[in-house]
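Residues per chain, in single letters:
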Amino acid sequence: MQACVFPDNEKGVNMKILFVTSECAPFSKSGGLADVAFSLPPALQKAGNELEIITPYYKCVKTRFADQVRYVCDLRVRLGWRDLYCGLLKGELNGVPVWFIDNEELFLRDKLYGYDDDKFRFAWFSKAVIDVMDRLDFVPEILHCNDWETALCVIYLKDDQARRPDYRNIRTVYTIHNIAYQGQFGADEMTTTFALDPGWYQGALAYEYQGRSDVNLMKGAMLMADAVSTVSPTYARELHTPQFGKGLEGVCDMIESKMYGILNGIDPDHYDPGKDRRIPCNFTADDKKGKEECKAYIQETFGLKKQKNWPLFAVVARLVEQKGVELIRELLPEIMQKGVQLVIFGQGDKKYVDFFNECIGRYPGQFGFSDKYTEEMAAKVFAGADFYLMPSAFEPCGLSQMMAMRYGTVPIVHETGGLKDTVRPYSDFDGIGDGFSFSTYSAKALMLAIDAAIKVYFAEHKVFEVLRDRCMRKDFSWDKSAQTYIRMYSDICGSGFDPNVTFEDAYEALKVVYEDLEETRMAYLAQQPDDYHNVCQVRIEGPGEGTFYLKFTKAGMEMAPYSYEGADVSISANIDNLYNMAAGHVSADKLFVNGQMKVEGNISKGAEMRYLIGRAEF
């Protein structure tokens, strides 16, 4: 019998992770992914792991940061019939090495995305990531890919693992930042663009859509990755519905056991109103006087009247329907009648840009707009506003509401995705909350939330200041989320089990650790009546697949490698989670909430059973 070896220390420490991203601030940015790439890897490294980032060497990187990167080597990367130059350069971001993939034909362009050949550009980038891994400082244990642009990394790695023993232990994580952008192309691209064997089509990539048979890169990565994450717990639940799943809700159901919802964070040092040099005047939660000067600056910059006592609302967003811009456009006349000011700052659809430019003249001194977006001015708007409007139709996570709150700007949000997870609605009944929200996506519901905010500002200004203070003191750092990422990485890295471990091996290893908990278990059982009798059936999924049962009586525990007809409750999880639950490395309740452990039968006894076989608090 092959022995199963477990580490003495808790898993998740000193893992080697390669973070693959199509954009990374400050080098390149078009949206929130760049902010995540900027702040998550340093947080994971701070927690004791080895992190490296890999991203394209765009024109914007070469123009602004060429003196901060160095050439390492070059090679040829073949994808199908095309054999292209690949330069490998290296820089650094807050102590994390950043690798850049260089090819001027594909990446020396004015924009990051929006070209007819994007499908080939990012397919080739994904292939290049796999081909250069042995040129980096380490061969990673985890390949962490993001959005459709890097989805093919998961597929190309699977192909290479069949031929390269040194790559076979690499695990993959695929993060969905916005499921609306899936990487969907015609089926003929399978061989002509992506250079994949036709078997991959039925194996993972086939997607029936509006009567067409397409390739869906996101679907393939979701099915093939060892773990799939998205950027907030609420969004992870929403993806199982047709409204939010965008055609992939069935796939989300299929992969539920390996799907995690982990809330994004922000870098609290970068978004610190007490130190931020981008804003006109610094201020803190303890001394907010500087915020008045920031408000006056925004009023002057956007041509508003310097009305100190009028609430200043702000929107910093892409001007697209998803962001709730249509609701704001519909409500604008009504909002302007309320004795408030509104600033909208962002780029997007021409119809919205034209409309808001027209409204500057329609509401002079009260409404301001600019589509000359910069990060510096966005920080100034966050710092100067009183309320932040974010009525998104859907929002996987959202970062700008967190940034606004850091600068003491009270949010008004639609209860969806990460907005629901980060903003607690104010209740005048018990005084809890740090913002305002609405649940039904409609102009009427948004207006009710705005009215509630205005009422608090004018009639209960002390309450408003309490909300502002709560916003500024709220913890949006990556520390908690980084630990959840580490747990996910640990789940898929395993605890030393051979992938072909037998049920007998797995059972014996688990028996040892469960028997080690006898003292804890007996202390609980001693308090139970003499006729106490509960049976838990345990199903090991994946390596070591099989079933055993645990019978608990006043006398102790009986464990046997058989099924038990009529068990009070049944649980199922993979062997790593069953071990780590018992060993105390992960909360049993956490596994249950995340969907990594299923509980069936007498659910009223589920918590009790999880306590008896693990270390969940009872």
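Here, every reference points to the structure presented above.
Just so it is clear, the structure is predicted and the values come from calculations on it, not from any experiment.

### Regarding the packing of aromatic side chains
Move 1: Overall, the coordinates contain 30 aromatic pairs when judged by the stated rule.
Move 2: Note on Tyr-457 and Phe-464: the rings are 5.0 Å apart at their centroids and 70 degrees apart in plane angle, and the pair reads as edge-to-face.
Move 3: For Phe-464, a relative accessible area of 0% corresponds to the buried category.
Move 4: When the ring of Tyr-524 is compared with that of Tyr-532, the centres are 6.4 Å apart and the planes differ by 80 degrees; the resulting orientation is edge-to-face. Neither residue differs from the other here; Tyr-524 and Tyr-532 are each classed as buried.
Move 5: Within the aromatic cluster, the residues linked to one another by ring pairs are Phe-313, Phe-387, Tyr-426, Phe-436, Tyr-457, Phe-458 and Phe-464.
Move 6: A cation sits over an aromatic face here: Lys-111 above Tyr-115, 5.3 Å from the ring centre.

### Re the sheet that holds strand 19 (residues 533-541)
Move 1: Across the sheet, five strands lie side by side as 21-20-19-22-23; this open sheet has mixed pairing. At either margin of the open sheet sits one strand with a lone partner, and together these are strand 21 (556-560) and strand 23 (598-601). Between one strand axis and the next, the sheet turns through 20 degrees on average, direction left out of account.
Move 2: Contacts from helix 21 (residues 503-515) reach strand 19, strand 20 (546-553) and strand 21, with the element oriented near 175 degrees to strand 21.

### Observations regarding the nonpolar core
Move 1: Membership of the largest hydrophobic core comes to 102 residues, with the highest contact counts inside it found for Ile-101, Trp-124, Leu-143, Tyr-174 and Met-222.
Move 2: Take this core: its biggest share by element is nine residues, from helix 4 (residues 118-132).
Move 3: In contact with Leu-143, not counting residues within four places along its chain, are Leu-18, Val-20, Val-129, Ile-130, Met-133, Cys-153, Leu-157, Ile-170, Arg-171, Thr-172 and Val-173.
Move 4: Judged by nonpolar contacts, the second largest core, of 77 residues, contains Ile-279, Leu-304, Leu-327 and Tyr-457.

### Describing a negative patch on the surface
Move 1: A cluster of acidic side chains, namely Glu-504, Glu-508, Glu-515, Asp-516, Glu-518 and Glu-519, defines a negative patch on the protein surface.
Move 2: Looking at the negative patch, the elements with two or more residues in it are helix 21 and helix 22 (518-525).
Move 3: It is helix 21 that provides the largest number of residues to the negative patch, a total of three residues.
Move 4: Tracing the sequence through the fold places Asp-516 in the loop between helix 21 and helix 22.
Move 5: Among the residues examined, Asp-516 registers a relative accessible area of 61% and is labelled exposed.

### Remarks on the sheet that holds strand 7 (residues 171-176)
Move 1: As summarised here, the arrangement of the nine strands in space is 3-4-5-2-1-6-7-11-12, forming an open sheet in which the pairing is mixed. Edge positions in the sheet fall to strand 3 (70-79) and strand 12 (259-261), since each has one partner strand and no second. Averaged over all adjacent pairs, the angle separating strand axes in this sheet is 25 degrees, with direction ignored.
Move 2: Lying on the sheet, helix 8 (residues 217-224) is in contact with strand 7 and strand 11 (227-230); it crosses strand 7 at an angle near 135 degrees.

### Concerning the side chain of Glu-189
Move 1: Relative to the elements of secondary structure, Glu-189 occurs in helix 6 (residues 189-192).
Move 2: A distance of 2.9 Å separates the side chain of Glu-189 from the side chain of Lys-119, its partner in a polar contact.

### Notes on helix 12 (residues 289-301)
Move 1: When helix 12 is considered as a whole, its buried residues turn out to be Gly-290, Lys-291, Cys-294, Lys-295, Ile-298 and Gln-299.
Move 2: On its buried side, helix 12 packs onto strand 13 (312-316), strand 14 (341-345), helix 15 (375-384), helix 18 (443-459) and helix 19 (461-473).
Move 3: Following helix 12 by one or two positions, Gly-303 adopts a phi angle in the positive range, close to 70 degrees.

Each value, and the rule that gives it
- Residues numbered from 1 in each chain as written.
- Predicted model: local features only at pLDDT ≥ 70, side-chain atom pairs only at ≥ 80, totals over all residues.
- Heavy atoms only, no water.
- Phe/Tyr/Trp six-rings, centres within 6.5 Å; stacked < 30°, edge-to-face > 60°.
- Buried < 20%, exposed > 50% of the residue type's maximum accessible area, 1.4 Å probe, protein only.
- Lys NZ or Arg CZ within 6 Å of the ring centre and 35° of its normal.
- Pairing = 2+ DSSP bridges.
- Helix = DSSP H or I, 4+ residues; strand = E, 2+ residues; numbered from the N terminus.
- Axes fitted to C-alpha atoms, helices over the stretch in contact; angles between N-to-C directions.
- Contact = heavy atoms within 4.5 Å.
- Core = buried A, V, L, I, M, F, W, Y, C linked by side-chain atoms within 4.5 Å.
- Patch = residues over 30% accessible without salt bridge, like charges linked within 9 Å, V, L, I, M, F, W, Y side chains within 5 Å.
- Areas by Shrake-Rupley, 256 points an atom, 1.4 Å probe, with all protein chains shown as cover.
- Salt bridge = Lys/Arg side-chain N within 4 Å of Asp/Glu carboxyl O.
- Lys, Arg positive; Asp, Glu negative; His and termini not counted.
- Charge placed at Lys NZ, Arg CZ, Asp CG, Glu CD.
- Polar contact = N/O pair within 3.5 Å; in protein donor to acceptor, adjacent residues only side chain to side chain.

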